[in-house]
Amino acid sequence: MSEEKRVAVITGSSRGIGKGIAEQLGKDGYAMVINGFHKDEVEKTTKELADNGYQVVAAAGDVSKKETHEMLVKTAVDHFGRLDTYINNAGIAQIGNLVDESAEDFHKIFATNVDSVLFGIQAAAAQFKKQDDGDKVRKIINASSIAGHIGYELLGAYSATKFAIRGLTQVAAKELGRDHITVNAYCPGIVGTDMWNYIDEKMVEINGGQKGQYLKAAIDGITMDRVEHPSDVANYVSYLASPKSDYMTGQAVQIDGGVQFI
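Notes on the structure follow.

Criteria and cut-off values
Residues numbered from 1 in each chain as written. Predicted model: local features only at pLDDT ≥ 70, side-chain atom pairs only at ≥ 80, totals over all residues. Heavy atoms only, no water. Pairing = 2+ DSSP bridges. Helix = DSSP H or I, 4+ residues; strand = E, 2+ residues; numbered from the N terminus. Axes fitted to C-alpha atoms, helices over the stretch in contact; angles between N-to-C directions. Contact = heavy atoms within 4.5 Å. Parallel < 35°, antiparallel > 145°, perpendicular 65-115°, else oblique. Left-handed = near helix turned anticlockwise from the far one by under 90°. Nonpolar A, V, L, I, M, F, W, Y, C, P; charged D, E, K, R; others polar.

A few words on the sheet that holds strand β2 (residues 31-34). An order of β3-β2-β1-β4-β5-β6-β7 is seen for the 7 strands of this open sheet, with the pairing classed as parallel. Looking at strand neighbours, the two that pair on one side only are β3 (56-58) and β7 (252-255), the edges of this open sheet. Here the strands of the sheet are splayed against their neighbours by 20 degrees on average, with no regard to which way each runs. When strand β1 (residues 7-10) meets β2, the two strands line up parallel, connected through 4 bridges. By the bridge assignment for β2, Ile10 is matched with Ile34. Across the sheet, helix α2 (residues 39-51) is in contact with β2 and β3; its angle to β3 comes to roughly 170 degrees. Sheet strands touched by helix α3 (residues 66-80): β1, β2, β3 and β4 (85-88). Its angle to β2, the strand with the most contacts, is close to 145 degrees.

Okay, the packing of helix α4 (residues 103-130) against helix α5 (residues 156-176) next. Running from N to C, α4 and α5 point in directions that differ by 15 degrees, and their axes come no closer than 9 Å. What the angle tells us is that α4 and α5 run roughly parallel. Helix-helix and strand crossings are classified by hand; for α4 and α5 the assignment is right-handed. Between α4 and α5, the residues in contact are Phe106, Ile109, Phe110, Asn113, Val114, Val117, Leu118, Ile121, Ala125 and Lys129 and Ala157, Tyr158, Ala160, Thr161, Lys162, Ala164, Ile165, Leu168, Ala172 and Leu176, respectively. Residue composition of the contact of α4 with α5, grouped by class: 16 nonpolar, 2 polar and 2 charged.

Take it as geometry only, folks, not as evidence of what the structure does.
Now the structure itself:
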């Protein structure tokens, strides 16, 4: 690896927003560790990216486990010699009334969405402090949501996790700044991925109506008058991962096409 080459770990990058981020960072010249829960899916995406000329390695694993993040960092260092950017993208959604939320489901979504961000921050920061990077800025980037700024009906547990990620982002930014590590978050809106198809289906189950009805209503509320694409999110993450954002830290910016104005 040349000194100019940058290396990223992207959790949950075998599909959806994470895959879009990987495609963009590949164009930006990053070498990447591709992660997801399902090994076959991770290997398929990694092959697609490699066939497009990007430097990638597959590393499937459960991001709710601390050892998975340690493994992802080790994979980056073993294959590419270093780590520059760690993107905590992986997450799941749950739909339902808070009064009906089971302890099991609540703990599961926090383990996947919040524990994973904490473990990713810890693993990345430990590696960054080992590297002799001088005053070069290294990046931790977390996935929050518009639901991390305003709570959404039937998305109570999900919203709570995304609020928590904003808190972790702010505190980590304060604690790691003197080590030349920035910590920021991106907050997508209504993205045309499997997650929003799932949300729509669950809304139909709970409230009645027709398939696609709730997704259409959400899209109709977007100022830019179209659904968000993974590439829209990836373009902003590209900025956060680049030297252009070196003086930005502790922020959780909405990239939602104008769903919310706060």
